[in-house]
Amino acid sequence: MSSGQDSVFSEYESESDTSQTSKLLRKFKETPFVPIGMAGFTLVVGYGLYRLKHRGQLKMSLHLIHTRVAAQGFAVGALTCGMYQTGNSPALVNHRE
């Protein structure tokens, strides 16, 4: 085996020893907008389900459509902000020059 393959395998083995919490924290540091988008999506859906009881004269299908659009908008907005941040990162800007 070459030394490049050894380093790949040792990196994989070291990752298997880490806990789920450390993996989650590492991913959150790498891409913070993905967990923010997931949390926002969950909050909007939860709020929509809570408001389902008090929707008044609004039809259920219309209420569910509004909830879905709001949740998707939050998730897409968070991902778009993350892509913008990644595109303007100093490492990428230095690489372009």
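Scoring rules and cut-offs
- Residues numbered from 1 in each chain as written.
- Predicted model: local features only at pLDDT ≥ 70, side-chain atom pairs only at ≥ 80, totals over all residues.
- Heavy atoms only, no water.
- Helix = DSSP H or I, 4+ residues; strand = E, 2+ residues; numbered from the N terminus.
- Buried < 20%, exposed > 50% of the residue type's maximum accessible area, 1.4 Å probe, protein only.
- Contact = heavy atoms within 4.5 Å.
- Salt bridge = Lys/Arg side-chain N within 4 Å of Asp/Glu carboxyl O.
- UniProt positions renumbered as here; feature names shortened; annotations may be inferred.
- Patch = residues over 30% accessible without salt bridge, like charges linked within 9 Å, V, L, I, M, F, W, Y side chains within 5 Å.
- Areas by Shrake-Rupley, 256 points an atom, 1.4 Å probe, with all protein chains shown as cover.

Under an unreviewed UniProt entry, the chain has the name HIG1A protein and belongs to Ramphastos sulfuratus.

> Explain the side chain of Thr67 to me, please; I cannot follow it from the model alone.
Relative to the helices and strands, Thr67 is located in helix 4 (residues 60-87). What makes Thr67 buried here is its relative accessible area of 14%. With residues up to four places along the chain from it excluded, the contact list for Thr67 reads Val44, Val45 and Gly48.

> Whenever I open this one, the pattern of salt bridges confuses me. Can you help?
Where charged atoms from two side chains of opposite charge approach closely, those side chains can pair. One pass over the structure, following the stated rule, counts 1 salt bridge. Between Glu30 and Arg26 there is a salt bridge, and its shortest N-O distance comes to 3.6 Å. Within this pair, Glu30 and its partner Arg26 are both found in helix 2 (residues 20-30), separated by 4 residues, close to a single helical turn. Taking the relative accessible area as the measure of exposure, Glu30 reaches 47% and is therefore partly exposed. Classification of Arg26 as partly exposed rests on a relative accessible area of 33%.

> What am I meant to see in the side chain of His63 here?
Among the secondary structure elements, His63 is positioned in helix 4. On the basis of relative accessibility, which here comes to 9%, the residue His63 falls in the buried class. Residues in contact with His63, not counting those within four places in the same chain, are Gly48, Arg51, Leu52, Arg55 and Leu58.

> So what exactly am I meant to see when it comes to the environment of Ile36 here?
Inspection of the secondary structure assignment puts Ile36 in helix 3 (residues 33-51). In this structure the C-alpha to C-alpha distance between Ile36 and Phe74, which are 38 residues apart in sequence, comes to 9.3 Å. Aside from chain neighbours lying at most four places away, what touches Ile36 is Phe28 and Phe74.

> I would appreciate a short explanation of the UniProt feature "transmembrane region" (unreviewed entry) in the chain in the present structure.
Per the UniProt record, "transmembrane region" (unreviewed entry) is annotated on residues 32-50. Helix makes up 95% of residues 32-50 and strand makes up 0%, while its end C-alpha atoms are separated by 27 Å.

> Looking at this structure, how should I read a nonpolar patch on the surface?
A cluster of nonpolar side chains, namely Phe28, Ile36 and Phe74, defines an oily patch on the protein surface of about 260 Å² accessible area. You can call Ile36 partly exposed: its relative accessible area is 38%.

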